[in-house]
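Take a look at the letters that make up each chain.
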Amino acid sequence: MRREAESGRRAVVVGWRAIGVAAVVGILITVLAWLLGPSLFATSSGTAERTVQATVTAPADCTNPDAQETVRFQADGATHEGTLSGCGHDKDELVQIAVPEELPDGPLSVQLAATHAGMADLGRPLGMALLVLSCAAGGVYSFLVVRGPRLAV
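Being a predicted model, the structure only gives us computed values, none of them experimental.

*Asks:* I'm lost on the pairing of strand 5 (residues 108-112) in this one. Help?
*Replies:* Sheet topology note: the strand 3 (residues 78-85)/strand 5 ladder contains three bridges and is parallel. Paired with leucine 84 across the bridge in strand 5 is valine 110. In terms of strand pairing, strand 4 (residues 94-100) meets strand 5 through two bridges, oriented antiparallel. Its bridge partner lying in strand 5, alanine 98 is registered against glutamine 111.

In C-alpha cells form, the structure reads like this:
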C-alpha cells in the first residue's frame, strides 16, 4: 500500500463478484451444453447400428484411389454381402464392420467399426471435459483482466 500511495496509483481490489460472474457463466455454459443432448460432441448419428465380424472376400489394392473391397458377414441368421470402402486387407481376413440394425435387401455399403463416426463413446465426455477446461481458462483470464497489472515490489 505504501508503494502504491507513493507512486500515485490506486490499489485495485478484485471483488468476489467478478470471480462469481465468471464462475456462474462457466457453469451455465456447461449445463446448457449438456442439455443440448446427444447431438453434441460427436455422438452417434441417430441410426441404430451394430458391430459384426466380416470376412474379406475380394480385397482391393491401395493404388486405386476409390478402392472398395467386398465383405461377407452373418447377421440375423443369414449371410450378407457388403461393399467396404477401403483397401489393404488380405483375402479371408476378419474385420469388424458397422452395419444398420435393420439390414436392407441386396448389397450393402459398410464401414470399418473402428473408423465409423459415432462408434467411439469417448466423444461426449472428452468434449465436456474440454468445455469445462475452456470455461475455467476464460474465468482465470477474466480474473487477470479485472485484477489489472501487478506492481513490482
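*Asks:* Sorry if this is basic, but what is going on with the state of the cysteines here?
*Replies:* Joining two cysteines, a disulfide is a covalent bond between their sulfur atoms. Enumeration over the complete set of coordinates arrives at one disulfide. What pairs with cysteine 62 in a disulfide is cysteine 87, and their sulfur atoms sit 2.2 Å apart. As the torsion about the S-S bond is roughly 105 degrees, the cysteine 62-cysteine 87 disulfide counts as right-handed. Of this pair, cysteine 62 sits in the loop between strand 1 (49-58) and strand 2 (68-75) while cysteine 87 sits in the loop between strand 3 and strand 4, and the two are 25 residues apart along the sequence. The class for cysteine 62 is partly exposed, based on a relative accessible area of 46%. Judged by its relative accessible area of 29%, cysteine 87 falls in the partly exposed class.

*Asks:* What's the story with the confidence of the model for the chain in this structure? I'm lost.
*Replies:* Atomic detail in the predicted coordinates should be set aside for any region of low pLDDT. Confidence in the prediction for the chain averages 77 pLDDT; 78% of positions are at 70 or higher. The secondary structure element of the chain with the lowest average pLDDT is helix 1 (residues 2-7), at 46, and the one with the highest is strand 2, at 91.

Cut-off values and rules
- Residues numbered from 1 in each chain as written.
- Predicted model: local features only at pLDDT ≥ 70, side-chain atom pairs only at ≥ 80, totals over all residues.
- Heavy atoms only, no water.
- Pairing = 2+ DSSP bridges.
- Helix = DSSP H or I, 4+ residues; strand = E, 2+ residues; numbered from the N terminus.
- Disulfide = S-S within 2.5 Å.
- Buried < 20%, exposed > 50% of the residue type's maximum accessible area, 1.4 Å probe, protein only.
- pLDDT = per-residue confidence, 0-100.

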